[in-house]
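Next come the chains, spelled out residue by residue.
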Amino acid sequence: SQELEQSPQSLIVQEGKNLTINCTSSKTLYGLYWYKQKYGEGLIFLMMLQKGGEEKSHEKITAKLDEKKQQSSLHITASQPSHAGIYLCGADKGSNYKLTFGKGTLLTVNP
Amino acid sequence: GAGVSQSPSNKVTEKGKDVELRCDPISGHTALYWYRQSLGQGLEFLIYFQGNSAPDKSGLPSDRFSAERTGGSVSTLTIQRTQQEDSAVYLCASSLPIGPFGSPLHFGNGTRLTVT
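Before going into details, it helps to say that this report is about the structure given with it. A quick note: this is a predicted structure, and the numbers were derived from the prediction, not measured.

What counts, and where the lines are drawn
Residues numbered from 1 in each chain as written. Chains lettered and ligands numbered in written order. Predicted model: local features only at pLDDT ≥ 70, side-chain atom pairs only at ≥ 80, totals over all residues. Heavy atoms only, no water. Helix = DSSP H or I, 4+ residues; strand = E, 2+ residues; numbered from the N terminus. Rg over C-alpha atoms; globule rule 2.2 N^0.38 Å. Buried < 20%, exposed > 50% of the residue type's maximum accessible area, 1.4 Å probe, protein only. Contact = heavy atoms within 4.5 Å. Areas by Shrake-Rupley, 256 points an atom, 1.4 Å probe, with all protein chains shown as cover. Lys, Arg positive; Asp, Glu negative; His and termini not counted. Charge placed at Lys NZ, Arg CZ, Asp CG, Glu CD. Buried area = accessible area lost by both parts, 1.4 Å probe. Polar contact = N/O pair within 3.5 Å; in protein donor to acceptor, adjacent residues only side chain to side chain. Nonpolar A, V, L, I, M, F, W, Y, C, P; charged D, E, K, R; others polar. 1 Å grid on protein atoms, 1.4 Å probe; cavity = no way out; pocket = protein on both sides within 12 Å on 5 of 7 lines; lining within 4 Å. Points joined across faces, edges and corners; volume = space filled by probe spheres on them. Disulfide = S-S within 2.5 Å. Salt bridge = Lys/Arg side-chain N within 4 Å of Asp/Glu carboxyl O. Pairing = 2+ DSSP bridges.

When you go through chain B residue by residue, the secondary structure sums to zero helices and 10 strands. Along chain B, from the amino end to the carboxyl end, the secondary structure elements read β-β-β-β-β-β-β-β-β-β. In terms of C-alpha radius of gyration, chain B reaches 14 Å, essentially the compact-globule figure of 13 Å for 116 residues. For chain B, the C-alpha atoms occupy an extent of roughly 40 × 30 × 25 Å along the three principal directions. Of all 116 residues assigned to chain B, the portion counted as buried reaches 50%. Sequence-distant contacts, at least 24 apart, represent 56% of the contacts inside chain B between residues at least 6 apart. Carbon and sulfur atoms make up 46% of the accessible area of chain B, which totals about 5600 Å². Counting 10 positive and 10 negative side-chain charges, chain B places the averaged centre of each group 3 Å from the other.

See below:
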């Protein structure tokens, strides 16, 4: 089965700092999704990447998918307390619907 | 319109009892999913419905788990004879029909199930 490894497992940064979260697969990713989750809430869709080398940005969050489509990174610029939460990457196994998720990265942003 | 709605938000039940969890997807979303999120386990796929096609039940952990989707809209996940290991957050998601470019899943806030 396709496993997704996320790193780091947790991250504490000072407000205003930049940070990067990684998601790595042993197999080619057909589609890579980034979600954010706050405690007690569902997952909020951030971005979807499908093409090798693709990069998307939304506000201060940028996600990239490498050329080999085996690794994705999520970069937050000038972090704010509102960015705090759990970031999860998810990928489809080629069936287009049965997503596999990483275990998440817990981000804490200290004011 | 409204997002994915799940009820109840919290459920505490005694071991051995049956529970029903409800999911109301986004209007127009023909694909519906159930996932389970356990501490330290991440998200685990349970079942997938797409329109009138037979559901993919390959993720259901045992025959105590079943799900149905009536009229192509509301779905109910039923757990019979609950066990303590069933304690988790059960998340429902819906999406537009899956195409070659994928379609993001939109998740509800989940039902937190605690089996005592």
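Okay, back to it.
With 23 residues of chain B at the interface, the matching set in chain A holds 18 residues. Both sides together, the interface formed by chain B and chain A hides about 1700 Å², and carbon and sulfur atoms give 56% of it. The largest share of the area that chain B buries against chain A comes from Leu43(B), Pro104(B) and Phe107(B), three residues that together contribute 24% of it. At the junction of chain B and chain A, the tally comes to four residue pairs in polar contact (both at pLDDT 80 or more). Looking at the side of chain B that touches chain A, the elements that each hand over two or more residues are β4 (31-38) and β5 (42-50) of chain B. Partitioned by chemical class, the residues of the side of chain B that touches chain A number 12 nonpolar, nine polar and two charged.

It is worth spelling out the layout of surface pockets at this point. If you add up the space inside the largest pocket, you get close to 1300 Å³. Considering the residues around the largest pocket, the lining is formed by 47 residues, among which Gln37(B), Ser38(B), Gln41(B), Gly42(B) and Leu43(B) are closest to the centre. Going through the elements one at a time, β1 (4-7), β9 (85-92), β10 (99-101) and β11 (105-110) of chain A together with β4, β5, β8 (88-95) and β10 (111-115) of chain B are the ones with two or more residues in the lining of the largest pocket. Looking at side-chain class alone, the lining of the largest pocket contains 14 nonpolar, 24 polar and nine charged residues. In this structure, the second largest pocket spans a volume of roughly 210 Å³. Lining the second largest pocket we find Lys36(A), Ile44(A), Phe45(A), Leu46(A), Met47(A), His58(A), Glu59(A), Lys60(A), Ile61(A), Gln80(A), His83(A) and Tyr87(A).

Time to look at the state of the cysteines. Residue and element names in this part refer to chain B. Under the defined criterion, the tally for this structure stands at two disulfides over all chains. Each disulfide pairs two cysteine sulfurs, and for cysteine 23 the partner residue is cysteine 92, the sulfurs being separated by 1.9 Å. One disulfide, between cysteine 23 and cysteine 92, carries an S-S torsion of -65° and so falls in the left-handed class. Of the two residues, cysteine 23 sits in strand β3 (residues 19-24) while cysteine 92 sits in strand β8, which places them 69 residues apart along the sequence. The pair formed by cysteine 23 and cysteine 92 is uniform in burial state, with each residue classed as buried.

What follows concerns the pattern of salt bridges. All names here are of chain B. The tally for this structure, following the rule as stated, stands at five salt bridges over all chains. Here aspartate 24 ties to arginine 22 by a salt bridge, and the two come within 3.8 Å at their closest N and O atoms. A salt bridge links arginine 36 to glutamate 44; its shortest N-O distance comes to 3.0 Å.

This paragraph deals with the pairing of strand β4 (residues 32-37) of chain A. It is a general feature of regular strands that their side chains alternate between the two faces of the sheet. All names here are of chain A. Taking burial as the measure, the six residues of β4 include six buried ones, the bulk of the element. In β4, alternate side chains face the same way, and those of Leu32, Trp34 and Lys36 on one face and Tyr33, Tyr35 and Gln37 on the other are all buried. Bridge count between β4 and strand β5 (residues 43-49): six bridges; the pairing is antiparallel. Pairing of glutamine 37 across the sheet is with leucine 43, part of β5. Taken together, β4 and the strand that follows it, β5, pair antiparallel across an intervening segment of five residues, in which glycine 40 is found at a positive phi of about 80°. Looking at chain direction, β4 and β9 are connected through six bridges and run antiparallel. Across the sheet, residue leucine 32 finds its bridge partner in β9, namely alanine 91.

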